Structure formats: C-alpha cells, structure tokens
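One letter stands for each residue in the lines below.
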Amino acid sequence: MNNYALLSDFYEFTMANGYFRTGMKDKVLYFDLFYRTNPDTGGFAIACGLAPVIEQLLNLQFNDDDIDFLRSKAVFSEDFLSYLKTMRFSGDLWAVPEGTVVFPNEPILTVRAKAIEAQLIETMMLLIVNHQSLIATKANRIVRAASGRTVLEFGARRAHGFDASVVGARSAYIAGVPATSNTLVDKLYGIPSSGTMAHSWVQIFDDEYQAFDTYCSLYPNSVSLLVDTYNVLKSGVPNAIKALKNNNISSGSIRLDSGDIAYLSVRARNMLDEAGLPDIKIVASSSLDESIIRDIIAQGGQVDVFGVGERLITAKSDPVFGGVYKLVAAEDDHGNIIPKIKISENIAKITTPHFKQIYRLYDNESSKAEADLLCIHDEKIDFCGSVEIFDPDFPWKRKILNNITARELLVPILKEGELVYDIPSLKETRNYCEREVESIWDEVKRFENPHDYYVDLSQTLWDVKQNLLSEERNRD
C-alpha cells in the first residue's frame, strides 16, 4: 500500500503544529463529513469509499522521509515532528455503510479524535469519499437510465489518473455496473473485465471480413465485433454476419461506436434477425451518459448493452461532489460534549452542530423510506407511535408519520483506532446498494425535478442549533 500520510493540505500541518505547541494536541474534537447538493440536480447520492478510508486510517503513519521533508520546511517544532513519527490514528469513526443512499447535510462519516489526528486526515477522507461517491452516484443514474439493460464501465483511458480509473470502476460496480474494461480492477477486486476490439484490429487486416473471421476463430465463446470502422450497414454488419455464420457462432455481440446509435441499432437488429442470429446482442458506446441512453431507448433503439466511458468515470456533467469536513463538537476537560457551529451569510453553509445520529424512517406498508431524522447521538425517541417531523428551514411545515420503522444509519467503524466493523464483501456491498435504491420512492429517483426527500432535525437538535445561532447574534 502506498504511503499517503503527507497527502494533506499544508495548512492541516501548520494547524496541527499549532495545536501541539499551544497544549491542545489531546483535545477531543468531532467532525462530520457531509455534502450540500446532489450531483446533476438529482434526488440523492450514493455513499462510497468507506473501505478505502478504513484502510488509510489503519495504516496512517509518518516515515523518516516524511519527517525529514516536513523538517525541511523550517516551520515545525522538533517536538511536533517527534510526535508525528509515532502518531497513529487512535480515534473513533462512525459511518453509513458503503452503498447507502444519502442526502445533503447529513453525516456520511463522523470522526471523534484528538485534534491533530482529526485534522490531518481531513484531506484524505474528503478526496476518497468525494470522488468515489461522485462516481457511484453517476453510475447509478446511468444504470437506472438503462432500464434493465446491461451497463459496462469503459472509462479507464479517460479517467483522471490510474488511481481514479481503479477506484472509479470499483465505485461503479457498487452502484450497479456489473463489469469493467479495466483488467487491473478484475485482478484487485474480482470485478469481471470484458471488452470487444479496437478499430486498429480491423484496420491492420487486408479487409474487414478477414479481421472478423480471424477474431471469431480465436474467441468463439466471447466474440464481439466492432462494426463501424468503415460503414456500419453496408459492410460492418454484413461482414460480421458472414464471419459469425462461417464459424458457427450464434451468441456474442456486435458493437456500435459512432453514428446515430438509435437508428443504426434498429437496422442492425433487423439484419441480424433476418440472418437467423437473434441471440447476437448489440453493444453501443461513444460518449454515452444517462441522458443519451434515455433518448436512445425512447427512440426505439435496439441496444442490449451500453458501454459507458468518459462521462461515467469523470462524472463529466457535474464533476464535483462538494463534500466538506466540518467541526461540530468538542469535549471539555470533563468529557462533556460541547456543540460547535459554523455560521455564514450563505445559509446553506451554516452547519448543524453536535455529535449526531441519523435515523431513516421507513413506512411499514410500502417498506419505502419516508424521511431521515437527525438527532443528538444519545437522544431517545419513541418511534412506536406517531412521529412528528418538520422542515428545519421552515419549521411550520410539519408532517405526522405513523406505522414506521426506524434504522440507525451511522454505525461504529473504528473504536480507539481499532476496527470494530465487519467490512462486507464487494458483492455484498453491491447488493446492499441495490436494496437501498429500491427503498427510495420513484418520485425521489426522477431525473428531472425529483421530489425533495425530507431530512429533518429532531426538536432537541433544532433547539441546540437555534440557541447557538442566537448566542452568536447576541455577540454582535
């Protein structure tokens, strides 16, 4: 595993040095990692990246080269550098499981740790969760747009670096994409790798038919022929049909990588069926995303498999997840939790203070999620009867929920630096994510103008927030 201890914004180190030199290194702080808006103006996001976060926290340490580099900056005390040399993450971590459907302004992760430890992991935590949640969310949008048709991840060569291609494919798999073109991902995670051929394979032969016939003879059980090198309907599909028949192949695929996919797929489907090859599938690629896929399907396109590359692996339409890591509480010398709030003229940037728990409230008749309720971590709420929730921004908007089941979303992951969580397999995480998305109402899953899902505060937590806001106003 690579050593990423220094993968942090420089000011994290200057603050940490400041905590050390002012006697605050052991002060216990609470931070929430959350995001503010859903990508692509969607109705929700998919939390992803917890397993990589756990791996980094369990292996966090500064080696001699790291310490020597920091010393070369000539701004850190030797006592602080000695402290870093033996520092390990010894704090607590709570998180929603990977694959959980999440909403703006609710914690995805909560950290309780000594000030220096909590500060130095901020950048690493954010880059992991921001990127992987973004790709998982985008991938799930594409999978839902395909309406049951297979989606393959084809983005390795367009990803923003080799790490992004690997963890991006992992995130896409969790969100419902069953296979990838990335061979390394298959080795590392067991996610099936698959592919067709490049145009260069066709071009290197004297003619298109020879290229197809040779490929069929080499890979009769996994043949996929790229039919748009020259002319899809006049040569590509006819030569593919001829090569398939010559090799007695009745299952496999052809791939369209350019042109009017909807039109070409209909014509190609007719040609394949008339040739007695109804089980040959049609794969489409070429800068696809959820919008184009929905249009192809709406126009009657006969595509069985969508290979999606750059617009998935880079989340091109909305490439920033926007997760933040904010202080929400601190412990005093007696271990009491003191809530903290960040105030801004931008209302959306005012944080929700305190160490919290999230309850997801499910309707018992439909099994659908009705709302999320943020509470103080040890708050006791009776969910057996009626529960009144209210909009935290417009508290006069209230709703009574009856016959519900509540589930705690934030679960313990690390306790005093030790793993207390059974990390599920990747397949288990993928299945969990599928169930999560199924539990959300279709209205929330709309691509345009989705229904706003309720993320409300308990009365007690809302009162704490209002009191802190009032205290700050009175200081002015």
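Since this is a predicted model, take the numbers as computed values, not measurements.

1. A few points about the pairing of strand S14 (residues 356-363)
Part 1 of the reasoning: Burial runs high along S14: 8 of the 8 residues are buried.
Part 2 of the reasoning: Taken together, the 7 bridges between S14 and strand S15 (residues 369-376) define a ladder with antiparallel strand orientation. Bridge pairing in S15 places Leu361 opposite Ala371.
Part 3 of the reasoning: Connecting S14 to the antiparallel partner S15 that follows it, the hairpin turn spans 5 residues, and Ser367 within it adopts a positive phi of roughly 65°.
Part 4 of the reasoning: Where S14 and strand S18 (residues 404-408) come together, 5 bridges link them in antiparallel fashion. Along S18, the bridge assignment pairs Arg360 with Arg407.

2. Observations regarding helix H11 (residues 232-246)
Part 1 of the reasoning: The first and last C-alpha atoms of H11 sit 19 Å apart over 15 residues, in line with the 21 Å expected at 1.5 Å per residue.
Part 2 of the reasoning: Of the residues making up H11, those classed as buried are Val232, Leu233, Ser235, Gly236, Val237, Asn239, Ala240, Ile241, Ala243 and Leu244.
Part 3 of the reasoning: Looking at the packing, one finds that the buried side of H11 touches helix H10 (208-218), strand S8 (224-226), strand S9 (252-256), helix H12 (261-274) and strand S10 (280-284).
Part 4 of the reasoning: Taking the backbone nitrogen of Leu233 as reference, a side-chain oxygen 3.3 Å away marks Asn231 as the first, capping residue of H11.
Part 5 of the reasoning: Asn248, located one to two residues past H11, shows a positive phi value of around 55°.

3. A word on the layout of surface pockets
Part 1 of the reasoning: Quantified by volume, the largest pocket comes out at close to 1200 Å³.
Part 2 of the reasoning: Along its surface, the largest pocket is lined by 44 residues, and Asn105, Asp391, Pro392, Asp393 and Val455 are the ones closest to its centre.
Part 3 of the reasoning: Here the residues of the lining of the largest pocket sort into 21 nonpolar, 10 polar and 13 charged.
Part 4 of the reasoning: Roughly 710 Å³ of internal volume is contained in the second largest pocket.
Part 5 of the reasoning: Put simply, the parts of the chain that give the lining of the second largest pocket at least two residues each are helix H2 (50-58), helix H6 (122-145), helix H7 (162-174) and helix H8 (183-189).
Part 6 of the reasoning: When residues in the lining of the second largest pocket are grouped by element, the largest group, 6 residues, is from H7.
Part 7 of the reasoning: Partitioning the lining of the second largest pocket into residue classes produces 16 nonpolar, 4 polar and 3 charged.

4. As for empty space enclosed by the protein
Part 1 of the reasoning: For the coordinates displayed, the defined rule picks out 2 cavities of 30 Å³ or more.
Part 2 of the reasoning: Estimated volume of the largest cavity: approximately 50 Å³.
Part 3 of the reasoning: Gly42, Gly43, Phe44, Thr137, Asn140, Arg141, Arg144, Val444, Lys445 and Arg446 together form the lining of the largest cavity.
Part 4 of the reasoning: Residue classes in the lining of the largest cavity are distributed as 2 nonpolar, 4 polar and 4 charged.
Part 5 of the reasoning: Taken as a whole, the second largest cavity spans an internal volume of roughly 40 Å³.
Part 6 of the reasoning: Along the walls of the second largest cavity sit Ala47, Cys48, Gly49, Leu50, Val96, Glu98, Ile108, Leu109 and Val129, which together make up its complete lining.
Part 7 of the reasoning: Broken down by class, the residue content of the lining of the second largest cavity amounts to 7 nonpolar, 1 polar and 1 charged.

5. Some points on the sheet that holds S15
Strand-to-strand pairing in sheets goes through backbone hydrogen bonds, with the strands running parallel or antiparallel.
Part 1 of the reasoning: The strand order across the open sheet built from 4 strands is S18-S14-S15-S21, with neighbouring strands paired in mixed fashion. Each having just a single partner strand, S18 and strand S21 (454-457) make up the two edges of the open sheet. Ignoring which end each strand starts from, the neighbouring axes of this sheet average 25° apart.

6. What to know about the pattern of salt bridges
Where charged atoms from two side chains of opposite charge approach closely, those side chains can pair.
Part 1 of the reasoning: Counted by the stated rule, this structure contains 27 salt bridges.
Part 2 of the reasoning: Put simply, Lys445 and Asp442 hold a salt bridge, and the shortest N to O gap is 3.7 Å.
Part 3 of the reasoning: According to the relative accessible area criterion, Lys445 is buried, its value standing at 15%.
Part 4 of the reasoning: Residue Asp442 is classed as exposed on the basis of its relative accessible area, which comes to 54%.
Part 5 of the reasoning: Linked through salt bridges whose partners overlap, the residues forming this network are Glu106, Arg360, Asp372, Arg407 and Glu436.

7. So, the environment of Gly385
Part 1 of the reasoning: Along the polypeptide, Gly385 turns up in the loop between S15 and strand S16 (387-390).
Part 2 of the reasoning: Between the C-alpha atoms of Gly385 and Leu401, which are 16 residues apart in sequence, the distance is 8.6 Å.

Conventions we followed
Residues numbered from 1 in each chain as written. Predicted model: local features only at pLDDT ≥ 70, side-chain atom pairs only at ≥ 80, totals over all residues. Heavy atoms only, no water. Buried < 20%, exposed > 50% of the residue type's maximum accessible area, 1.4 Å probe, protein only. Helix = DSSP H or I, 4+ residues; strand = E, 2+ residues; numbered from the N terminus. Pairing = 2+ DSSP bridges. Expected span 1.5 Å × (residues − 1). Contact = heavy atoms within 4.5 Å. Polar contact = N/O pair within 3.5 Å; in protein donor to acceptor, adjacent residues only side chain to side chain. 1 Å grid on protein atoms, 1.4 Å probe; cavity = no way out; pocket = protein on both sides within 12 Å on 5 of 7 lines; lining within 4 Å. Points joined across faces, edges and corners; volume = space filled by probe spheres on them. Nonpolar A, V, L, I, M, F, W, Y, C, P; charged D, E, K, R; others polar. Axes fitted to C-alpha atoms, helices over the stretch in contact; angles between N-to-C directions. Salt bridge = Lys/Arg side-chain N within 4 Å of Asp/Glu carboxyl O.

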